Amino acid sequence: MISPEAVRGQLTALATFQGYWERLDELTLPVLLANGTEDVMIDANHTHAAARKLTNARTVFWSDAGHAFLFQHVEDFAREIDWFLENAARNSRDEDQRA
């Protein structure tokens, strides 16, 4: 059971949330964005627009997939995640050495 305090806290958070779009460019950590171009829930154009606002984004699209691209392209998506994590870690170590 969820406590009344938790419910009030969640409702307050929802009521006062001012969005994230204007603050995307503040994120400097690596971000992987992935989407199917036929996604009817999250339009691929929105993913592309978010990538343009982010300072360190990698974007991957599957042209023959929708919202469930990660189930349609399991192995490809897993490879993309592996590549992203390996390169994000490598770039982070390189930055640490330069600092």
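Residues numbered from 1 in each chain as written. Predicted model: local features only at pLDDT ≥ 70, side-chain atom pairs only at ≥ 80, totals over all residues. Heavy atoms only, no water.

Pairing between side chains becomes possible if they bear opposite charge and their charged atoms approach one another. Tallied over the entire structure, the rule returns four salt bridges. A salt bridge links R23 to E26; its shortest N-O distance comes to 2.9 Å. E26 gets classed as partly exposed once you look at its relative accessible area, which sits at 49%. Close ionic contact of R58 with E80 constitutes a salt bridge, the shortest N to O distance being 2.9 Å. Of this pair, R58 sits in strand β2 (residues 57-62) while E80 sits in helix α4 (residues 74-98), and the two are 22 residues apart along the sequence. Judged by its relative accessible area of 29%, R58 falls in the partly exposed class. (Salt bridge = Lys/Arg side-chain N within 4 Å of Asp/Glu carboxyl O. Buried < 20%, exposed > 50% of the residue type's maximum accessible area, 1.4 Å probe, protein only. Helix = DSSP H or I, 4+ residues; strand = E, 2+ residues; numbered from the N terminus.)

This structure, assessed with the given rule, holds three aromatic pairs. Measuring from centroid to centroid gives 6.0 Å for W62 and F77, while their planes differ by 80°, and the two rings are edge-to-face. Remark: F77 occurs in helix α4 and W62 occurs in strand β2; sequence separation between them is 15 residues. Grouping residues by exposure puts W62 and F77 together as buried. Judged by centre distance (5.2 Å) and plane angle (90°), the rings of F69 and F77 are edge-to-face. Grouping residues by exposure puts F69 and F77 together as buried. (Phe/Tyr/Trp six-rings, centres within 6.5 Å; stacked < 30°, edge-to-face > 60°.)

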